[in-house]
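Single-letter residue listing:
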Amino acid sequence: MTFIINGEEQQVAAATLADLLLALDYEGEWLATAVNGELVHREDRAGFKLGERDRIEILSPMQGG
Amino acid sequence: MLKLYDVEVASRLLLGTARYPSPAILGEAVRRSQAEIVTVSLRRETAGGKSGGAFFELIRKLGVHVLPNTAGCHSVQEAVLTAKMAREVFRTDWIKLEVIGHHDTLQPDVFGLVEAARILTDEGFQVFPYTTDDLVVAEKLLEAGCRVLMPWCAPIGSAMGPVNAMALKTFRAHFPEVPLIVDAGIGRPSHAASVMELGYDAVLLNTAVAGAGDPPAMAEAFSHAIAAGRLAYKAVPLEPRDMAVPSTPVIGKAVFS
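Since this is a predicted model, take the numbers as computed values, not measurements.

Take the overall build of chain B next. When helices and strands are tallied, chain B shows nine helices and ten strands. With respect to the principal axes defined by its C-alpha atoms, chain B has extents near 90 × 40 × 35 Å. Per-residue burial for chain B yields a buried fraction of 52% across its 257 residues. About 12300 Å² of surface is accessible on chain B, with carbon and sulfur atoms providing 56% of the total. For chain B, the centre of its 24 positive side-chain charges and the centre of its 27 negative side-chain charges are spaced 4 Å apart.

The next subject is helix α9 (residues 215–234) of chain B. Residues and elements named next belong to chain B. With 20 residues, α9 ought to run about 28 Å at 1.5 Å a step, and its terminal C-alpha atoms sit 29 Å apart, in line with that. Listed in full, the buried residues belonging to α9 are Pro215, Pro216, Ala219, Phe222, Ser223, Ala225, Ile226, Gly229 and Arg230. The secondary structure elements touched by the buried residues of α9 are β3 (13–16), α1 (23–33), α7 (189–197), β10 (202–205) and α8 (207–210). Valine 236 lies just past α9 and shows a positive phi near 60°.

Residue and element names in this part refer to chain B. Within the secondary structure layout, threonine 131 lies in strand β7 (residues 126–131). A residue is classified by how much of its surface remains accessible, and threonine 131, at 0% relative accessible area, is buried. Those residues in contact with threonine 131 that sit more than four places away from it in its chain are Pro108, Val110, Leu113, Val137, Leu141, Met150, Pro151 and Trp152.

Attention now goes to the interface of chain A and chain B. By a frequent convention, interface size equals the accessible area lost on bringing the separate parts together. Across the contact, 28 residues belong to chain A and 31 residues belong to chain B. Together chain A and chain B conceal approximately 2600 Å² of surface at their shared face, both sides included; 57% is due to carbon and sulfur atoms. Its largest share of buried area at the contact with chain B, chain A owes to Trp30, Met62 and Gly65 of chain A, together 24% of the area lost on that side. Note that glutamate 57 of chain A is salt-bridged to arginine 44 of chain B, the shortest N-O span being 2.8 Å. Where chain A packs against chain B, one counts 19 residue pairs in polar contact (both at pLDDT 80 or more). Counting only elements with at least two residues in the side of chain A that touches chain B, the list comes to β3 (32–35), β4 (38–40) and β5 (55–63) of chain A. Looking at which element gives the most residues to the side of chain A that touches chain B, the answer is β5 of chain A, with seven residues. Residues of the side of chain A that touches chain B, tallied by class, amount to twelve nonpolar, nine polar and seven charged.

Right, let's get into the sheet that holds strand β8 (residues 150–151) of chain B. Residues and elements named next belong to chain B. Pairing in this open sheet of three strands is parallel, and the strands run β6-β7-β8 from one edge to the other. Edge positions in the sheet fall to β6 (94–97) and β8, since each of these pairs with one other strand and no more. Across four bridges, β6 lies against β7 in parallel orientation. In the strand pairing of β7, tryptophan 94 is matched with glutamine 126. Most of the contacts of helix α4 (residues 110–122) go to β7, to which it runs at about 175°, and overall it touches β6 and β7.

With that settled, the discussion passes to unusual backbone geometry. A positive phi angle is found at asparagine 36 of chain A, which is not glycine, with a value near 50°. Relative to the elements of secondary structure, asparagine 36 of chain A occurs in the loop between β3 and β4.

Further remarks concern the packing of aromatic side chains. Residues and elements named next belong to chain B. For the coordinates displayed, the defined rule picks out five aromatic pairs over all chains. Measuring from centroid to centroid gives 5.4 Å for tyrosine 5 and phenylalanine 128, while their planes differ by 50°, and the two rings are tilted. Linking tyrosine 5 in the loop between β1 (2–4) and β2 (7–9) with phenylalanine 128 in strand β7, this pair joins segments that are 123 residues apart in sequence. In this pair, the class of tyrosine 5 matches that of phenylalanine 128, namely buried.

What counts, and at which threshold
- Residues numbered from 1 in each chain as written.
- Chains lettered and ligands numbered in written order.
- Predicted model: local features only at pLDDT ≥ 70, side-chain atom pairs only at ≥ 80, totals over all residues.
- Heavy atoms only, no water.
- Helix = DSSP H or I, 4+ residues; strand = E, 2+ residues; numbered from the N terminus.
- Buried < 20%, exposed > 50% of the residue type's maximum accessible area, 1.4 Å probe, protein only.
- Areas by Shrake-Rupley, 256 points an atom, 1.4 Å probe, with all protein chains shown as cover.
- Lys, Arg positive; Asp, Glu negative; His and termini not counted.
- Charge placed at Lys NZ, Arg CZ, Asp CG, Glu CD.
- Expected span 1.5 Å × (residues − 1).
- Contact = heavy atoms within 4.5 Å.
- Buried area = accessible area lost by both parts, 1.4 Å probe.
- Salt bridge = Lys/Arg side-chain N within 4 Å of Asp/Glu carboxyl O.
- Polar contact = N/O pair within 3.5 Å; in protein donor to acceptor, adjacent residues only side chain to side chain.
- Nonpolar A, V, L, I, M, F, W, Y, C, P; charged D, E, K, R; others polar.
- Pairing = 2+ DSSP bridges.
- Axes fitted to C-alpha atoms, helices over the stretch in contact; angles between N-to-C directions.
- Phe/Tyr/Trp six-rings, centres within 6.5 Å; stacked < 30°, edge-to-face > 60°.

Structure representation (structure tokens):
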């Protein structure tokens, strides 16, 4: 399927958000995810089914003021 | 002690974690500042990237409270989603709420700020709003559920120090019971001391330390200045006068002519 991941269009074979993170080698308890502007909790990723052209944001901690 | 929501801290310096020359210097600056609260942020992670994890570990090892921000958000929707994602990562209800309204001055969009503060408070967040020194906006933020206010003293990163001390003074007088933190615009320890002398409860700064020639030493200098300013405020400073007043008593002075 085609997704917009962190602003970039990508083709990934993934049915759920957890599949997608695994396929793209995203790993770590410090990641936060949102799909189409809504937060998807860590524990909900495995059951969260993705659709064509879903907008996925994957964020991690960084320095801030 | 300073109480911010349900947390008490001894240090009145909140330190940002951005723009340091290296993670080691950041760690040393936090230690020497004696800050117990540091600000952090969230950004897009690259596939397979581990940079966020390394930073996460560094912060965790410092053993300080974490105040995530919504820096760079220009809309209510963006700020609210970023806050929720920050809570997921950092496991805290605290959020330094920034809704930026102007590209050049990084002035907050105070209308969006109040709206986002209301939404986030309803969702259980404890909001630290980055705002201006406008009293009416501050009232609205309190109505929205904020229990801390963070007025700027000059534009973010400008290092100008308090450009409108009168407004800060009025702000303090108007909200005697609310914890007030000056956030943004501080350049030097003397600036921090001066706002603490006005009765502000704490100072939040980043670039003034991170951008100094020796960030850990500057962090320590700020720590001393903030403590000195607080002590001076508690000691009740003199008000300025227009005319001279001799400090040495004139009574009993010898007359030689």
